[in-house]
Amino acid sequence: MVDFGEILRTIGDFGFFQKLIILVLTFPNLLLPVYFCSLLFIRSDPERHCNTDWILAADSNLTTEEQLNLTLPRQEDGTFSRCQMFVPVERDIGDIREHGINETTGCRHGWVYYDTMYEATIVTDFDLVCDKSEMAQLAQTIFMGGLLAGSFVFGPAAESYGRRRTTQLPVVLLLIFATVAGLSPNFYVYMLSQFIIGAALGGYRINSTVLATEWIGVSKRSLASCMSQMFAAVGQCAMAGLVYAVRDWRKVQFVIAGGQAFIFLYIWWIPESARWLLGQERIEEANKLIRRVAAINKKKIPENLLDEVTENREVQRGGIKEILTSTVLMKYLFIISFAWFSLNLGYFCLVLNVGKLGLNIFLVQFLFGITEAPAHFLCIWVLELIGRRKSLTSTLLTSSFFCLLTLAFPRDSTVVITALITAGKFFLNWGGSVCLVYIQELFPTSVRQTAVGFGSIAYRGGGLLSPLLNILAVYHWSIPIVVFSSLTLISGALVFLLPETRRKELPDATDEAEGKRNMTKKNTGSDSNIVTHNSRKSTKL
């Protein structure tokens with residue numbers, strides 16, 4: 001029996017087909033950050049006052065200043081209250097002027113907003129102010145909860161239903177619910193749509209990356225993960241530009257839906273993972289795909305190669321049980337998941353505070369994106385130069401150093417703090433790319449998607465907890481930074497316990513993932529002879 005790595009080398013492990021599938025599967029990541037825009041580009045406490053147009057029934061010629069003086073109480077500093085109004089009364093205007101109104105109440109007829117940066121946000125459209133001011137933070141948590149749910153559902157589902165279907169379904173959901181979000185009549189419909197969008201984003205990210213990776217050879221295997229991250233970084237820049245030009249969050253949702261419609265048109269043409277098909281003993285389908293890829297890459301297949309694919313091949317029964325019964329795989333999953341959790345907790349603590357850094361929010365968001373793109377290009381090169389373990393450890397430790405360094409400066413040093421946070425976010429994002437590559441290489445094909453799914457649950461769990469961790473800043477602004485930086489330091493030390501996977505074939509069985517690959521090869525001399533025979537035959541061709 002030949003392994004899939006030998007098949008890939010024969011049909012081309014980084015030919016035109018691989019380049020095409022990387023492009024079509026990583027391009028949608030350009031849109032993924034834009035889905036965050038309705039949560040990031042808001043003012044949680046906009047300038048406002050209660051809508052008191054009721055008094056115009058008594059005198060329609062009142063000036064704005066007169067109307068506010070008669071209907072709004074003043075605060076201790078002399079400004080009009082932003083959350084209280086006088087109780088509407090059925091009295092003539094002269095009586096109201098002479099005796100005034102003493103009883104107050106909350107805003108009964110909504111608010112009037114002014115001096116806002118945007119035409120409309122979820123805060124102004126759904127009146128998430130005063131006693132509902134925490135609802136915007138809740139929307140962030142709901143969205144992160146959707147990302148977590150998507151990892152939980154779509155990750156393990158790919159082991160049973162394949163990588164292709166679980167990549168296509170999220171695209172459909174994103175198209176539908178991006179439109180639903182833009183049409184939301186109330187905050188509850190918006191939250192439901194954001195939860196489903198989050199789940200679809202989480203599912204697409206992990207399944208599309210694994211699908212692309214399983215078609216790529218050893219030398220370029222990190223490309224799919226790093227390219228998906230690179231497109232996401234460019235998407236952050238696009239998000240800043242889009243919201244700068246279109247200040248209405250509903251219109252932005254419709255622009256996103258239009259972009260998603262383009263992806264919807266071509267996503268049905270992506271192929272299944274032949275590696276997964278072989279593991280499921282669907283040999284005929286796998287052979288058809290292998291022949292098609294060889295034709296696209298303009299390679300010839302040795303006559304007996306596809307026959308040898310079927311020899312001694314067993315169906316791979318994966319799932320979480322296979323991980324739980326292996327001490328080695330459990331150790332791998334815990335360490336990489338903890339590292340991923342720490343990275344994402346820190347990343348989203350910084351991202352969701354983008355409007356509180358004291359500089360122009362559009363500029364900061366653009367800087368966040370433009371500085372991340374080089375990180376993913378560097379990641380491809382550094383991963384092959386020093387390996388996965390050293391890359392992950394160094395990014396974890398460096399990111400925590402830059403974030404902790406912000407504590408040494410006063411809070412009004414906005415330029416310095418923004419520069420340090422941008423540098424910390426640069427390395428946090430870089431570490432995320434390494435984790436996505438590393439976790440796929442640590443686990444065998446039968447449980448690879450399950451492992452990535454559960455790793456993503458930890459990853460998304462960090463994002464889910466980030467808004468809650470940011471709330472602790474009310475006690476002291478440094479608490480979120482100290483917490484997530486400490487966790488990244490600990491995870492950086494634990495990564496030393498993982499094996500190096502650079503320039504090694506993806507494991508197809510648990511024994512190979514546990515480090516017994518060489519022993520297995522020695523005990524199966526016939527397999528070695530087959531591989532050698534095929535290699536010679538391929539050379540002649």
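Residues numbered from 1 in each chain as written. Predicted model: local features only at pLDDT ≥ 70, side-chain atom pairs only at ≥ 80, totals over all residues. Heavy atoms only, no water.

(A) Representation of helix α9 (residues 187-213) within the structure. End to end, α9 covers 39 Å across 27 residues, agreeing with the expected 39 Å (1.5 Å per residue, within 8%). Among the 27 residues of α9, 22 are classified as buried, and the element is accordingly described as predominantly covered. For α9, the side-chain oxygen to backbone nitrogen distance between the N-cap and Tyr188 is 3.1 Å, and the N-cap itself is Asn186. (Helix = DSSP H or I, 4+ residues; strand = E, 2+ residues; numbered from the N terminus. Expected span 1.5 Å × (residues − 1). Buried < 20%, exposed > 50% of the residue type's maximum accessible area, 1.4 Å probe, protein only. Polar contact = N/O pair within 3.5 Å; in protein donor to acceptor, adjacent residues only side chain to side chain.)

(B) Up close: the packing of α9 against helix α10 (residues 223-245). It is at 8 Å that the axes of α9 and α10 come closest, and there the two elements cross at 140°. With respect to α10, the axis of α9 lies oblique. Pair α9 / α10 crosses with right-handed handedness. Here Arg205, Thr209, Ala212 and Thr213 of α9 come into contact with α10, specifically with Ala224, Ser225, Ser228, Gln229 and Ala232. (Axes fitted to C-alpha atoms, helices over the stretch in contact; angles between N-to-C directions. Parallel < 35°, antiparallel > 145°, perpendicular 65-115°, else oblique. Left-handed = near helix turned anticlockwise from the far one by under 90°. Contact = heavy atoms within 4.5 Å.)

(C) The pattern of salt bridges, seen in detail. Within the structure shown, the criterion is met by 17 salt bridges. Residue Arg82 is joined to Glu47 by a salt bridge in which the shortest nitrogen-to-oxygen separation is 3.7 Å. Residue Arg82 is found in the loop between α4 (64-71) and β2 (84-86), and its partner Glu47 is found in the loop between α3 (37-40) and β1 (48-50); the two are separated by 35 residues along the sequence. Between Glu384 and Arg503 there is a salt bridge, with its nearest N and O atoms 2.9 Å apart. Separated by 119 residues along the polypeptide, Glu384 in helix α17 (residues 361-386) and Arg503 in the loop between α21 (479-494) and α22 (510-523) bring together distant segments of the chain. (Salt bridge = Lys/Arg side-chain N within 4 Å of Asp/Glu carboxyl O.)

(D) Looking closely at the confidence of the model for the protein chain. Mean pLDDT for the protein chain: 85, with 91% of residues reaching 70 or above. When the criterion is pLDDT under 50, residues 517-541 qualifies, and its contacts beyond four places in sequence or with other chains add up to 28 contacts. (pLDDT = per-residue confidence, 0-100.)

(E) Molecular detail of the state of the cysteines. In the structure shown here, the tally under the stated rule is two disulfides. What pairs with Cys50 in a disulfide is Cys107, and their sulfur atoms sit 1.7 Å apart. Across the disulfide from Cys50 to Cys107, rotation about the S-S bond amounts to roughly -60°, and the bridge is consequently left-handed. Of this pair, Cys50 sits in strand β1 while Cys107 sits in the loop between β3 (104-106) and β4 (111-113), placing them 57 residues apart in sequence. Note on Cys107: relative accessible area 15%, which makes it buried. Sequence-ordered numbering of the bonded cysteines in the protein chain gives a pairing of 1-3, 2-4. The closest cysteine sulfur to the non-disulfide-bonded Cys349 is located on Cys403, 9.6 Å from its own sulfur. For Cys349, a relative accessible area of 2% translates into the label buried. The exposure class assigned to Cys403 is buried, which follows from its relative accessible area of 2%. (Disulfide = S-S within 2.5 Å.)

(F) Main features of the nonpolar core. Tyr35, Phe41, Ile122, Tyr190, Trp215, Leu392 and Phe443 are the most contacted members of the largest nonpolar core, which totals 147 residues. By residue number, the principal contributor to this core is helix α16 (residues 327-351), which donates 15 residues. Ignoring any residue separated from it by four or fewer positions in sequence, one finds Phe443 in contact with Ile323, Leu329, Tyr332, Leu333, Arg448, Ala451, Pro507 and Ala513. (Core = buried A, V, L, I, M, F, W, Y, C linked by side-chain atoms within 4.5 Å.)

(G) Expanded view of the side chain of Ser466. The residue Ser466 is located in helix α20 (residues 445-471) in this model. Only 2.5 Å separates the side chain of Ser466 from the backbone oxygen of Gly463, close enough to count as a polar contact. Every residue in contact with Ser466, bar those within four places of it in the chain, is listed here: Leu345, Phe348, Cys349 and Leu352.

(H) Spatial organisation of the packing of aromatic side chains. Counted according to the given criterion, the structure contains 26 aromatic pairs. Note on Phe152 and Phe454: the rings are 6.3 Å apart at their centroids and 75° apart in plane angle, and the pair reads as edge-to-face. Of this pair, Phe152 sits in helix α7 (residues 135-161) while Phe454 sits in helix α20; the two residues are 302 residues apart in sequence, bridging distant segments of the chain. Judged by its relative accessible area of 26%, Phe454 is partly exposed. Here the aromatic cluster, defined as three or more aromatic residues joined through ring pairs, consists of Phe401, Phe402, Phe426, Phe427 and Trp430. (Phe/Tyr/Trp six-rings, centres within 6.5 Å; stacked < 30°, edge-to-face > 60°.)

(I) Layout of a nonpolar patch on the surface. Together, Leu465, Leu468, Ile471, Leu472, Val474 and Tyr475 give the surface a local cluster of nonpolar side chains, amounting to about 590 Å² of exposed area. Relative to the helices and strands, Val474 is located in the loop between α20 and α21. (Patch = residues over 30% accessible without salt bridge, like charges linked within 9 Å, V, L, I, M, F, W, Y side chains within 5 Å. Areas by Shrake-Rupley, 256 points an atom, 1.4 Å probe, with all protein chains shown as cover.)

(J) Just unusual backbone geometry, in detail. One non-glycine residue, Glu281, adopts positive backbone phi at about 65°. Assignment of secondary structure puts Glu281 in the loop between α12 (274-279) and α13 (283-296). Under the relative-accessibility criterion, Glu281 is labelled partly exposed at 45%. Its identity is not glycine, yet Lys298 carries a phi of approximately 60°, on the positive side. With respect to the element layout, Lys298 can be found in the loop between α13 and α14 (305-309).

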